[in-house]
Protein chains: 2
Amino acid sequence: MMRLTILGCYSATPRTLNNTTSQVLEINNHMFLIDCGEGTQVQLRRNKIKFNRIKHIFISHLHGDHFFGLVGLISTFRLLTREADLHIYGPKGIKEIVTLQMKLADSWTNYNLIFHELTTNASKLIFEDEKVEVYTIPLNHRVYTNGYLFKEKEGERKLKLKAAEKLNINVAYYRKLKQGFDVVNEKGETIKNETVTIAGKKPLSYAFCSDTMYKEDIVPIIKNADVLYHESTFLDKHAHLAAKTKHSTAKEAALIAKQAQVGTLLLGHYSTRYDSLNVFKEEAQTVFENIELCDDGKVFEF
Amino acid sequence: MMRLTILGCYSATPRTLNNTTSQVLEINNHMFLIDCGEGTQVQLRRNKIKFNRIKHIFISHLHGDHFFGLVGLISTFRLLTREADLHIYGPKGIKEIVTLQMKLADSWTNYNLIFHELTTNASKLIFEDEKVEVYTIPLNHRVYTNGYLFKEKEGERKLKLKAAEKLNINVAYYRKLKQGFDVVNEKGETIKNETVTIAGKKPLSYAFCSDTMYKEDIVPIIKNADVLYHESTFLDKHAHLAAKTKHSTAKEAALIAKQAQVGTLLLGHYSTRYDSLNVFKEEAQTVFENIELCDDGKVFEF
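Everything quoted here is computed from the prediction, not taken from an experiment. Numbering of residues starts from 1 in each chain and follows the order in which that chain's sequence is written. Just so you know, chain letters begin at A and ligand numbers begin at 1, following the order they were written in. Given that the model is predicted, a residue must reach a pLDDT of at least 70 before its local features are reported, and side-chain atom pairs must reach 80 or more before they are shown or counted; all residues, however, enter totals for whole chains, interfaces and linings. Hydrogens are left out, water is left out, and the side-chain values use all remaining heavy atoms of the structure.

1. Considering the overall build of chain A
Summing up its helical and strand segments, chain A has 11 helices and 18 strands in all. Each of the three principal axes of chain A carries a C-alpha extent, and together these read 70 × 50 × 35 Å. Within chain A, the proportion of its 302 residues that are buried is 55%. Contacts spanning at least 24 positions in sequence make up 62% of the contacts within chain A whose residues lie at least 6 apart. Think of it this way: Lys and Arg go in the positive column, Asp and Glu in the negative one, and His and the chain ends go nowhere. The location of each charge is read from NZ of Lys, CZ of Arg, CG of Asp or CD of Glu. Averaging the locations of the 40 positively and 36 negatively charged side chains of chain A gives two centres separated by 2 Å. Only runs of H or I of at least four residues qualify as helices and only runs of E of at least two qualify as strands under DSSP, and these elements are numbered from the N terminus. Think of it in three bands: residues with accessible area under 20% of the maximum for their type are buried, residues over 50% are exposed, and the middle band is partly exposed, with areas taken using a 1.4 Å probe on protein chains only. Whether two residues are in contact is decided by their heavy atoms, any of which lying within 4.5 Å being enough.

2. Let's talk about the sheet that holds strand S9 (residues 146-152) of chain A
Residue and element names in this part refer to chain A. If you walk across this open sheet you meet the 7 strands as S7-S8-S9-S14-S15-S16-S17, and the pairing is mixed. Each having just a single partner strand, strand S7 (125-128) and strand S17 (291-293) make up the two edges of the open sheet. Strand-to-strand twist in this sheet, taken as the mean axis angle between neighbours without regard to direction, amounts to 20 degrees. Bridging between S7 and strand S8 (residues 132-138) involves 3 bridges; their strand directions are antiparallel. Its bridge partner lying in S8, Phe127 is registered against Val134. Pairing between strands is defined by DSSP: at least two bridges between the two strands are required. Orientation is described by lines fitted to C-alpha atoms, with helices fitted over the stretch in contact, and by angles between N-to-C directions that extend from 0 to 180 degrees.

3. Structural notes on the domain arrangement of chain A
As far as domains go, chain A holds domain 1 (2-155 + 201-301) and domain 2 (158-198). Spacing between the C-alpha centres of domain 1 of chain A and domain 2 of chain A amounts to 43 Å. Residue ranges assigned to the domains are those given by an automatic or database domain assignment.

4. Some remarks on the side chain of A:Gln43
All names here are of chain A. One can find Gln43 in helix H1 (residues 40-46). Polar contacts, as used here, are pairs of N or O atoms within 3.5 Å; protein pairs need one atom able to donate a hydrogen and one able to accept it. Residues neighboring in sequence count only if both atoms are side-chain atoms. Among the polar contacts made by the side chain of Gln43, one reaches the main-chain carbonyl oxygen of Leu7 at a distance of 2.5 Å. Polar side-chain contacts of Gln43 include one of 2.6 Å to the side chain of Arg46. Contact partners of Gln43, with chain neighbours within four places excluded, come to Leu7, Asn19 and Asp296.

5. Topic: helix H4 (residues 94-105) of chain A
The end-to-end C-alpha distance of H4(A) is 17 Å, a good match for the 16 Å that 12 residues give at a rise of 1.5 Å each. The set of residues buried in H4(A) consists of A:Ile94, A:Ile97, A:Val98, A:Leu100, A:Gln101, A:Met102 and A:Ala105. Buried residues belonging to H4(A) abut helix H2 (64-67), helix H3 (70-79), strand S5 (86-91) and strand S6 (113-118) of chain A together with helix H2 (64-67) and helix H4 (94-105) of chain B. Once H4(A) finishes, A:Asp106 follows within two positions and takes phi at roughly 50 degrees, a positive value. Multiplying 1.5 Å by the helix residue count minus one yields the expected span of that helix.

6. Notes on the relation of the copies chain B and chain A
Superposition of the two copies of the chain requires a rotation about an axis together with a shift along that axis. The operation relating chain B to chain A is a screw motion whose rotation component is 179 degrees, with 0.2 Å of axial translation and a residual RMSD of 0.3 Å. Taken together, the rotation angle and the small translation identify this as a two-fold axis. The C-alpha atom lying nearest the rotation axis in chain B is that of B:Gly39; the distance is 2.9 Å. Comparing contact sets, 100% of the residues at the interface of chain B also lie at the interface in chain A, consistent with an isologous, same-surface contact. The copies were overlaid by least squares, fitting only the C-alpha atoms of residues that reach a pLDDT of 70 or more in each copy.

7. With respect to the interface of chain B and chain A
Taken together, the contacts link 33 residues of chain B with 33 residues of chain A. Between chain B and chain A lies a buried interface of about 2800 Å² when both sides are counted; carbon and sulfur atoms form 62% of it. Three residues stand out in chain B for area buried against chain A, namely B:Glu38, B:Phe68 and B:Leu104, and they jointly supply 21% of the buried area on that side. At the boundary of chain B and chain A, one finds 8 residue pairs in polar contact (both at pLDDT 80 or more). At the level of secondary structure, the elements contributing two or more residues to the side of chain B that touches chain A comprise helix H1 (40-46), helix H3 (70-79) and H4 of chain B. The element that contributes the greatest number of residues to the side of chain B that touches chain A is H4(B), accounting for 6 residues. Any residue that is not Ala, Val, Leu, Ile, Met, Phe, Trp, Tyr, Cys, Pro, Asp, Glu, Lys or Arg is counted as polar, Gly included; the first ten are nonpolar and the last four charged. Grouping the constituent residues of the side of chain B that touches chain A by class yields 13 nonpolar, 13 polar and 7 charged. Buried area: the accessible area, evaluated with a 1.4 Å probe, that two parts lose upon being put together, summed over both parts.

Pasting the structure below:
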């Protein structure tokens, strides 16, 4: 199960009722914070997300509506006497911005602040543990920008215990079987793995793509993702504005979703020029069926 | 008349219901923004303060709870196509923090952003026009910090018209009289100014002092101010914490107010460790009578 909490999903500037980009992805006991617009720390409190569970923050790009809340969050973690390491992934320059402010405030963190500055223009594995991988998704915006792909690893296969016993497989080989290997039984016969196991839990994946103009070459990277968040700042009638500012329309987001054959497309990063959010969904559904609209405070479970 | 709007008056970190330091002082058609904690731009919207009326921002020091909202506000002004100049007063380093973020975002303002970086440790006139003056108030905190004194200039004296006519003063001298000079009448006699004029409207003054430990040598600078905002992070029972962190207690704020013989003392910059704000007022009133408690969204008129 993945749980995604939208802390903010509006473009440009925070307003009384609209927060700029930030979301929390819970996947396999991780609590990944993705982008961190101004006010994110208050949105975390409002949504009752425990600060201490956040150990990794992924920043897409250095426009204010995606990271102006970062230095405040780091500072609040310090005031709350955090001890756990904090890893920050983002474009080159992010370390200088944060450390300059810590230096001038004469306020260094007691916990370890570990920056992973990104510069590559190809998709790259940037985080990995036993169960999860995170890859960058190179995007095309006015400044250097990465989306992020969060993927569970293939889990262990499930053993069909009775079948294994019947085929005289020594229990010492059960672990190998769960890992997908063929084994030799007590009689010296080779037993094909799929004879005695079935596939384990389907690994889940989430792709976050914001901000970006329409960029087809991300399709192979996000192919078959269970969930895709793709920015849709504008509607098709303002495609000229999308092109000029290197953003996407709802229709373009849907075209990417369709080609990548994702499970669900989440829309967000709305311009506040439109009267309702439904217009984004209606436009996108002319291309791709399974659409959900993000809104601040909304929680999705997949 | 002065109008002071408290946008935030809590210490340390923004919370769901508590904002960090920021306030707007309206005095003589100016709209001065004093400090700019994270979320200030949303607080300005909530309190219906027109962004365009803000032309001068005064930052006391470079701790996050006093300026982490500044870069976002500057950025929002740009997105709203501001044209008017914006003057920013604050400690040396503030320009580098803001410009580094503009550079990395490749987002320069179209309006003029004029930094006035402060380094002196003596009170200094930093702004002046026909009607208002602003002075720094050197404070004592963990980093370089200034309070600010906002003062109306002495207005013109009021002419006692009948007395002037009776004393045969030529109307050409009336302007000189209003400016406070003695004049010579038609008969060649010197007429003392106070014989034919009375004092004009009493000029108002507001002193903002945060963050600081108890510092008696600010008393001559803020002497007789109509209103003093003095931080009171702690109560006297936590005087050891105030000393350690270079903050003040409510009692110390009141001692300053008493010595400076100000009109009203406003308390703020509260630690959130106490259950109610009244405890600050009660403690301060053992020393000085005329106390008001700040709270977010509160408006004072003087």
